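Spelled out, the chains give:
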There are 4 protein chains.
Amino acid sequence: MFRSAVRVCARPVLPLQQASRHFASATGPQFSWEDPLNTKSLLTEDEIAIAETAERYCQERLQPRVLEAYRNEDYDPKILEEMGELGLLGANLEGYGCAGASTVAAGLITRAVERVDSGYRSGMSVQSSLVMGGIHEHGTEEQKEKFLPELAKGKLLGAFGLTEPNHGSDPGSMETVAKPHPTKKGYYSLSGSKTWITNSPIADVLMVWAKLQETGKIRGFLVERKDCPPGTLETPAIKNKTALRASITGMIHLDGAPVPEANMFPHVEGLTGPFSCLNSARYGISMGVMGALEDSISRARTYALERRQFKGNPLAKYQLIQKKLADAVTDAAYGTVASIQVGRLKDEGNAVPEMISLVKRQNCDAALRNARILQEIFGGNATSDEYGIGRHVANLFVTQTYEGQSDIHSLILGRAITGVQAFV
Amino acid sequence: MFRSAVRVCARPVLPLQQASRHFASATGPQFSWEDPLNTKSLLTEDEIAIAETAERYCQERLQPRVLEAYRNEDYDPKILEEMGELGLLGANLEGYGCAGASTVAAGLITRAVERVDSGYRSGMSVQSSLVMGGIHEHGTEEQKEKFLPELAKGKLLGAFGLTEPNHGSDPGSMETVAKPHPTKKGYYSLSGSKTWITNSPIADVLMVWAKLQETGKIRGFLVERKDCPPGTLETPAIKNKTALRASITGMIHLDGAPVPEANMFPHVEGLTGPFSCLNSARYGISMGVMGALEDSISRARTYALERRQFKGNPLAKYQLIQKKLADAVTDAAYGTVASIQVGRLKDEGNAVPEMISLVKRQNCDAALRNARILQEIFGGNATSDEYGIGRHVANLFVTQTYEGQSDIHSLILGRAITGVQAFV
Amino acid sequence: MFRSAVRVCARPVLPLQQASRHFASATGPQFSWEDPLNTKSLLTEDEIAIAETAERYCQERLQPRVLEAYRNEDYDPKILEEMGELGLLGANLEGYGCAGASTVAAGLITRAVERVDSGYRSGMSVQSSLVMGGIHEHGTEEQKEKFLPELAKGKLLGAFGLTEPNHGSDPGSMETVAKPHPTKKGYYSLSGSKTWITNSPIADVLMVWAKLQETGKIRGFLVERKDCPPGTLETPAIKNKTALRASITGMIHLDGAPVPEANMFPHVEGLTGPFSCLNSARYGISMGVMGALEDSISRARTYALERRQFKGNPLAKYQLIQKKLADAVTDAAYGTVASIQVGRLKDEGNAVPEMISLVKRQNCDAALRNARILQEIFGGNATSDEYGIGRHVANLFVTQTYEGQSDIHSLILGRAITGVQAFV
Amino acid sequence: MFRSAVRVCARPVLPLQQASRHFASATGPQFSWEDPLNTKSLLTEDEIAIAETAERYCQERLQPRVLEAYRNEDYDPKILEEMGELGLLGANLEGYGCAGASTVAAGLITRAVERVDSGYRSGMSVQSSLVMGGIHEHGTEEQKEKFLPELAKGKLLGAFGLTEPNHGSDPGSMETVAKPHPTKKGYYSLSGSKTWITNSPIADVLMVWAKLQETGKIRGFLVERKDCPPGTLETPAIKNKTALRASITGMIHLDGAPVPEANMFPHVEGLTGPFSCLNSARYGISMGVMGALEDSISRARTYALERRQFKGNPLAKYQLIQKKLADAVTDAAYGTVASIQVGRLKDEGNAVPEMISLVKRQNCDAALRNARILQEIFGGNATSDEYGIGRHVANLFVTQTYEGQSDIHSLILGRAITGVQAFV
């Protein structure tokens, strides 16, 4: 799969300065500010190849688009198709047209995408981890065969509907409900509202979590837009976002949307279903945000070397600047090592959700904190969107809040550490 | 002056919930989260009246405009005229149509404006502190009489041109130059570029600091747009800003712009001139950012009381939320008390620039830090621009960088504390 | 009162470098790193005189003793007598041999003492604010006349018994009980244990808070050591403390200690009694810790100017050092201004307890945070106790935990801000 | 070697709760607050066995001694002999009676020791990394054979003399000098002073770095106490330390101390020599401080579960407490993973000194920061030395300052990142 991916991509592509800096094989050990703990040494050859493909694609095809996309809140849905062509979607899933790569490899893809923009990564995470991952884990064989190959190609677009307007950190209180369809036999009828749903306005298939009326338990449904009569499904975009403007976000309004029983996940009940999907997405975020942080470092370092103040010294010469860079580089290295470790444990079957809470929280917090501090290096110039740093800062704040706001993960960890819950 | 201001404003104005909360006279002491150290008790009646006028105007006339203005980077130049009508411009200056209020009063006006938006406050600060304040301090009697009354009314708009593309924290290295005009007798010819100039695209008079060729020393010039032949003065707007989008910012390109000798400040040479203007503006910022912080607190508190998660508890019930609020409220109170103290010293002639560095730095840093933490309370909803918190966060970052980036003020303080400079 | 205090002290005292630096009257405004916001300008002449007396005494008489006292956990009870002679005890109380100075003046005394050591200040706070203040506020006329004059002279030593081994932040759950004495008519019998009681091993009179058996309500009792038969009152010292080693701390074990009814406070019931005492003490802490911070600044600044590393530069020349000093100086200035404001409100009858929570928490946190950062300037030399900085750091941690740990004050503030309690 | 170590230790030892908790093999993955990222899975069986031996020894033999040792500044030199018996000294060195274990294994030993006390670990680090490591790397075959076996047994005690009273962060400016001995042929004569030298008062052999007079270059000398005539070598202890009181620290005064030429390191010149030793020690510190942090977590967690406040809830139930624990646990996990990665790179020959700067700085800073925050959980009880937390906090501050103060490592990293130095 990836062999062809590499080939597809390799043709029109010039060697990227960015990519080559990242994966240069040096003679003799030396310090690399881009990989100071030499995490490349922890990767397999396949993983390195996948990462190179992803980095190249992202730098060549996404980087040139992001400035305008973010300015204008204009997401190009072809991006997912391009990623699909390269095998970058659902890359860690087995079969059904997926690459079957490692969890770490999938993480390296998210890092490559988020090095360009967290919004692009969000769009991909929804498709790969939440929708494809959810179907792969909870779907029937028929559901898998019907949806996964097209999702993997990016020809079918997915969205994941869990969060509701009044229930963010507490999805267990959701109000969306599924009941037997009053007129269509063998169908459920879904009603309710979801919000902050990445990709919802462009999604063909929406994985919606709703309470089954007869049991009161949460179940998962694959809502197909093409089968919803007018007025039963609306997915208006949310505009004027303060961040993640290069991704498309919307609501899902269901008003008696018909869903065949065959589109319900057969076994999974309660929050187990959505949480297992989120777990996989969260892992991707933990690695993804390291990309945004690394790009922030790269931009700040370049700026600090080029900008001169006071007797012609580059900013890089000043202690207060060096400390900011040293802190950021260190946190990026630590986050990457930790995330790789969790990926390995996941593939060995030795991971638990709290480990993912741990790296998701810490890496999002560290990426945000450091990006903000690096932004100071740009002074007033950070106000120009062309330096890109303001975009990362705004985006990273959102990564800290979604798929488990950091405080919530603190309490998940606190519960695991002490055996006592402190949510209420 | 303010009596009429109050009258002008009082007529069409309904009692504001916001304003009344702020200045309610309670029976018996009680804790007010909006003024926890009862700083109102430090104000004179006049100052309270001025603040009320300003708060009312800002809440009634500016607040409804800011969302769209920020979205679309669309600054309404009438705002300065409205402020002028109320006597809010250059309010602490004596004579020439200015209100002659205290430094603290002027600070309370900036706080009222920045409670709505830092961009609006920036536009006003430039007019009031930098341009009017500069002319008042350094101008000839003729310059004062010619410019100040119209600037005070907001009928003439000003800009302040110090920062250059390659010289931000280090203005002493500026490249803009003034030399005798080659053809127009009694005129200087100015050439060079300034950037990040608030109001430049709409300004009628631009206070430009340039090196006088014959002496190599920095002098101040009042460039009048109406007198500049085509091609000698251009002031393109900078668009796609990541913050302060409700203000208008641009460049100043001078290419042989003619300025009569009578428009040069007569005595002040070197950085003393611009720095004395900045000093006054920085004081206003120190108080202004407290407004943005207080509005962030107010919004976060409201959200925390209304938003319910986990068994119907409002967010306000959770310890992690309360700590964020307590920290922010405390820093707002401390910043206000400190700023009032510096204002008093200024009016007594007992202030030194380092005091202003101290409150400018601390208050900007505290406002930004706390606004960011308060933003967490909103979770994903912070991404909606209608909650306003993201705007404050983005704006406050800029206040930390302009008129002396925080690190620069640290080094100014460090030098004053130790007697040793660490700039280079 | 203070006039004689000044005289008593003035005789044997040489002008102190420390004191003179603090209160020098400069010609023309200039930046003072010791008082950067010129808070001296907020003081009355009397307050300045009182502060000078206190500073002189502390620097001349306490400073030379503290190193050995801290090393050996050896508190000299004569200190309180010396302070009494100078009128420094209960200085803000009216009558009964007290100086009747302002709240701010009393705060300046605590600051002077804590500039030397937080332990010395703790010993004085207990005597002045908790014991004397408590009797002054809640005692009968007889109690006041009997105890206050001797306490003011430091000839009678007091302790304040509230905290119990199992009840720190939650004194309402106390277990100490008072019941009618089984044999002595007109007496109560007190039983229970108190811990972390400053001065308990040397106290002559112990203000003990206990639940009155018949009502279940908390009442205050003045336990006189001389009247307790052997075995009914024990006050063992707690040794091997990690901080506040220059103060003496102990437990109070009561086993049927007899207390005459006349020694119970007549009206106050519940936590109102101890909390009003604590309020006054907390105010003193808010000003006191500024003294410890200012001394830390002074020591760090001196070290940074004298210590040379890398090409003979003093440490003070380095940006990372200057930032530490600038931050600390700023926080000391802010804390002082805020504390003075609360003192003024207190004397005007316009203070509420939450204001004191606010300044106590913020100033303790700021003093501790900055002292720790200043400690870094000393590098390995901080390990030598002769530099004094490690002592301040260790002490200041305790100030953060006693009389309301910072988190508790956060929740007090959070409750006041939101109207919702989050203690449980 | 370790097989016998295990045997020696295994005999008198009961299974330790602490040790067993650490290395329990659970059925099925589960979250362990003691090893949340399952770093045990990264260790070899040998490494696990070594760690178990070390943990058992430390908990059984060191833990009971530390309280009194710290109180009284009383270091028991037999400790090194006990460690030697178990093969814990210089464990990663090959030959000469050393265990030849991995770098990570040696790190696990330091972690076990520092779980008890940073002072004990300091004493061991000096012996193992600085003295034994230095001789192993720079010594002649004769020097190795003469010194290493006895040092490995802990029968010969070593000290490392680099830092001078006036030269801490900048050892290149050292003043200690070696010149040909005026009377003893084939001998150098060393004169100068070293300070803050762990173990100096009890050391038999002191590795002293001095400038060779004839070249001006720094060289390393093995000064044997037994060969120094009275008056030529003095090693007074430094008492009244504010931290690391369970280790012994002193000065080294050399006044014409005779050192045979055979005791000079043959090839290494300049700062390369001491820096290579420090590199190894720093690695050990990076892992060691994780032990102190983990013990702080364990103590705080226990306290939070046992201490009840407000309606009988354990402190562990409160959100503000859980966040402190979650943060600490996360940083401990990250630090451990990162340190293991550097250890692996070191053994593969792929490490560079900046990597060690990176983990030394980050882990010391994180351990200190978190231990301080955990200390807050204890409230006033932290003042009792029996809770142990105050000791860790005081110790960890020193780890941040020695073998490269954190700011210095920031600048080392900054230089590596930017290519520009900012030391002066």
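Reading guide: rules and limits
Residues numbered from 1 in each chain as written. Chains lettered and ligands numbered in written order. Predicted model: local features only at pLDDT ≥ 70, side-chain atom pairs only at ≥ 80, totals over all residues. Heavy atoms only, no water. UniProt positions renumbered as here; feature names shortened; annotations may be inferred. Helix = DSSP H or I, 4+ residues; strand = E, 2+ residues; numbered from the N terminus. Least-squares fit on C-alpha atoms with pLDDT ≥ 70 in both. Domains from an automatic or database assignment. Contact = heavy atoms within 4.5 Å. Buried area = accessible area lost by both parts, 1.4 Å probe. Salt bridge = Lys/Arg side-chain N within 4 Å of Asp/Glu carboxyl O. Polar contact = N/O pair within 3.5 Å; in protein donor to acceptor, adjacent residues only side chain to side chain. Nonpolar A, V, L, I, M, F, W, Y, C, P; charged D, E, K, R; others polar. Phe/Tyr/Trp six-rings, centres within 6.5 Å; stacked < 30°, edge-to-face > 60°. Lys NZ or Arg CZ within 6 Å of the ring centre and 35° of its normal. Buried < 20%, exposed > 50% of the residue type's maximum accessible area, 1.4 Å probe, protein only. Pairing = 2+ DSSP bridges.

- The name given to chain A in an unreviewed UniProt entry is glutaryl-CoA dehydrogenase (ETF), and the organism recorded there is Clonostachys solani.
- Annotation of chain A in UniProt includes, under Catalytic activity (unreviewed entry), the sentence "glutaryl-CoA + oxidized [electron-transfer flavoprotein] + 2 H(+) = (2E)-butenoyl-CoA + reduced [electron-transfer flavoprotein] + CO2".

## Notes on the UniProt feature "domain: Acyl-CoA oxidase/dehydrogenase middle" (unreviewed entry) in chain A
Right, on to step 1. UniProt annotation of "domain: Acyl-CoA oxidase/dehydrogenase middle" (unreviewed entry) refers to residues 159-255 of chain A when read in the numbering used here.
Right, on to step 2. With 0% helix and 44% strand, residues 159-255 of chain A has its two end C-alpha atoms placed 18 Å apart.

## Focus on the relation of the copies chain A and chain D
Right, on to step 1. For the pair chain A and chain D, the superposition axis carries a translation of 0.0 Å, the fit reaches an RMSD of 0.0 Å, and the rotation angle comes to 180 degrees. In short, the pair behaves as if placed about a two-fold rotation axis.

## Here we look at the domain arrangement of chain A
Residue and element names in this part refer to chain A.
Right, on to step 1. One can read the domain layout of chain A as domain 1 (4-153), domain 2 (158-263) and domain 3 (277-418).
Right, on to step 2. Every contact between the two is made by 25 residues of domain 1 and, on the other side, 22 residues of domain 2.
Right, on to step 3. Overall, the association of domain 1 and domain 2 removes approximately 1900 Å² of surface from exposure, summing both partners, and the carbon and sulfur fraction of that is 64%.
Right, on to step 4. Area buried by domain 1 at its contact with domain 2 is led by Tyr70, Glu73 and Tyr75, which between them contribute 33% of it.
Right, on to step 5. One can count 2 salt bridges joining domain 1 with domain 2.
Right, on to step 6. With a shortest N-O distance of 3.9 Å, Glu73 and Arg245 are connected by a salt bridge.
Right, on to step 7. Put simply, domain 1 and domain 2 have 9 residue pairs in polar contact (both at pLDDT 80 or more) between them.
Right, on to step 8. Those elements giving two or more residues to the side of domain 1 that touches domain 2 turn out to be helix H3 (45-72), helix H6 (118-138) and helix H7 (141-153).
Right, on to step 9. The dominant element in the side of domain 1 that touches domain 2, judged by the number of residues it contributes, is H6, at 11 residues.
Right, on to step 10. Counted by class, the side of domain 1 that touches domain 2 contains 13 nonpolar, 7 polar and 5 charged residues.

## Topic: the packing of aromatic side chains
Right, on to step 1. Under the counting rule described, the total for this entry stands at 32 aromatic pairs over all chains.
Right, on to step 2. Grouping aromatic residues by their ring pairs yields a cluster made of A:Phe160, A:Trp209 and A:Phe265.
Right, on to step 3. When the ring centre of C:Tyr70 is taken as origin, the NZ or CZ atom of C:Arg245, which lies over that ring, is 5.9 Å away.

## Some remarks on the pairing of strand S5 (residues 217-224) of chain B
Residues and elements named next belong to chain B.
Right, on to step 1. Summarising burial for S5: 7 of the 8 residues are buried, a large majority.
Right, on to step 2. Where strand S4 (residues 205-212) and S5 come together, 8 bridges link them in antiparallel fashion. Bridge pairing in S5 places Ala210 opposite Arg219.
Right, on to step 3. Counting the residues between successive antiparallel strands, the hairpin from S4 to S5 contains 4 residues, one of them, Gly216, with a positive phi of roughly 75 degrees.

## Structural notes on the relation of the copies chain A and chain C
Right, on to step 1. When chain A is brought onto chain C, the operation consists of a screw motion whose angular component is 180 degrees and whose axial shift is 0.0 Å, with 0.0 Å RMSD remaining.
Right, on to step 2. Looking at the interface residues of chain A, 100% of them are also at the interface in chain C, so both copies use one shared face.

## Overview of the interface of chain A and chain C
Right, on to step 1. Listed by partner, the interface residues are 4 residues for chain A and 4 residues for chain C.
Right, on to step 2. Taken together, the connections running from chain A to chain C amount to 0 salt bridges.
Right, on to step 3. Linking chain A with chain C are 3 residue pairs in polar contact (both at pLDDT 80 or more), by the criterion used here.
Right, on to step 4. Across the side of chain A that touches chain C, the residue classes tally to 2 nonpolar, 1 polar and 1 charged.

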